[in-house]
Structure formats: structure tokens, C-alpha cells
Amino acid sequence: AKQPKTPEEVVAIVQSLKMDITRFEQCRDHNPQADKQIAKDSEKARQLEMNFTPGFAIGIADSSGQVKVRKLISGAQPSEVFTRALDEVLSESKQR
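Scoring rules and cut-offs
- Residues numbered from 1 in each chain as written.
- Predicted model: local features only at pLDDT ≥ 70, side-chain atom pairs only at ≥ 80, totals over all residues.
- Heavy atoms only, no water.
- Helix = DSSP H or I, 4+ residues; strand = E, 2+ residues; numbered from the N terminus.
- Buried < 20%, exposed > 50% of the residue type's maximum accessible area, 1.4 Å probe, protein only.
- Patch = residues over 30% accessible without salt bridge, like charges linked within 9 Å, V, L, I, M, F, W, Y side chains within 5 Å.
- Areas by Shrake-Rupley, 256 points an atom, 1.4 Å probe, with all protein chains shown as cover.
- Salt bridge = Lys/Arg side-chain N within 4 Å of Asp/Glu carboxyl O.
- Contact = heavy atoms within 4.5 Å.
- Expected span 1.5 Å × (residues − 1).
- Phe/Tyr/Trp six-rings, centres within 6.5 Å; stacked < 30°, edge-to-face > 60°.

Peer 1: Help me understand unusual backbone geometry, please; the structure alone is not making it clear to me.
Peer 2: Residues other than glycine seldom take positive phi values, yet K18 does so here, at roughly 60°. Considering the arrangement of structural elements, one finds K18 in the loop between α1 (7-16) and α2 (21-30). For K18, a relative accessible area of 75% translates into the label exposed. One non-glycine residue with positive phi stands out, namely E49, at about 60°.

Peer 1: Mind showing me how you'd approach a nonpolar patch on the surface here?
Peer 2: Taken together, I13, L17 and M19 make up a surface patch of nonpolar side chains, about 280 Å² in accessible area. Relative to the helices and strands, M19 resides in the loop between α1 and α2.

Peer 1: Quick question: what am I supposed to make of the pattern of salt bridges here?
Peer 2: Tallying each qualifying case throughout the model produces three salt bridges. The salt bridge partner of R46 is E43, with a shortest N-O separation of 2.8 Å. You can see R46 and its partner E43 sitting in helix α3 (residues 34-47), three residues apart, about one turn around the helix. Here R46 falls in the partly exposed class, since its relative accessible area comes to 32%.

Peer 1: Just checking my understanding: could you explain the environment of R46 for this structure?
Peer 2: For the pair R46 and P4, spaced 42 residues apart in the sequence, the C-alpha separation amounts to 9.7 Å. Setting aside residues no more than four positions away along its own chain, R46 makes contact with P4 and K5.

Peer 1: What should I look at first to understand α3 in this one?
Peer 2: In this model, α3 (14 residues) spans 20 Å end to end at C-alpha, consistent with the 20 Å of a helix rising 1.5 Å per residue. The elements touched by buried residues of α3 are α2. E49 occupies a position one or two residues after α3 and carries a positive phi of about 60°.

Peer 1: Where do I start with the packing of aromatic side chains in this structure?
Peer 2: Two measures describe an aromatic ring pair: the distance that separates the ring centres and the angle between the ring planes. Summed over the entire model, instances satisfying the criterion amount to one aromatic pair. Both rings, one in F56 and one in F82, keep their centres 5.0 Å apart while their planes meet at 85°; by these two values the pair is edge-to-face. Taken together, the residues span a long stretch of sequence, with F56 in strand β1 (residues 55-61) and F82 in helix α4 (residues 79-95) at a distance of 26 residues. By relative accessible area, F56 is classed as partly exposed at 33%.

Peer 1: I keep staring at the environment of F56 and nothing clicks. Help me out?
Peer 2: Linking F56 and S93, residues 37 residues apart in sequence, is a C-alpha distance of 18 Å. In contact with F56, not counting residues within four places along its chain, are M50, K71, L72, I73, G75 and F82.

Have a look at this one:
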């Protein structure tokens, strides 16, 4: 699925799914930063080349609080995939 690039594209997706657009907009508008957060999250997903849903980025936070992504998991996966990815990232971080 194509990742939305703008808040307007998110609304178009909501409409295409025949969801209640009024309820969606009320929820979004309750948080005045929602459009900015959607745009920020979409940009981060593009930077990580995450063009799948669900998508998971696993990493370690550096001293500034920024997460350095080490593993990407695409799609619904069994818990073993997450456990292995977490173990690998934690193991890498201990070696540094």
C-alpha cells in the first residue's frame, strides 16, 4: 500500500475505506498537532523506506534520545520474528 504523503491523502484514504469521515476529522481536530504529526510520521516512514503496513522499526536510542533503526519488520509476523530481531539489536548494542 502506498504511504500517504499529506494529511489530505490520509483523509482520501479514510473516505475510500468508507469510514465515518466526520468522526475521523473530529478525532484528528481534537489534537491540533495531528496533521503535523501525520506529516512527520509519513516522512520518517519514507526515509526508512517503510512502504508496508504494518511496519515496525526496531533500534536503540542514542544519548540524545534519537532512535537509530537497526531492523525493519514488514507485515504481520509471528512473535519469534520480533524476538529474534530484538535479541539481535540488543546483542549488537552490547558489543559497542
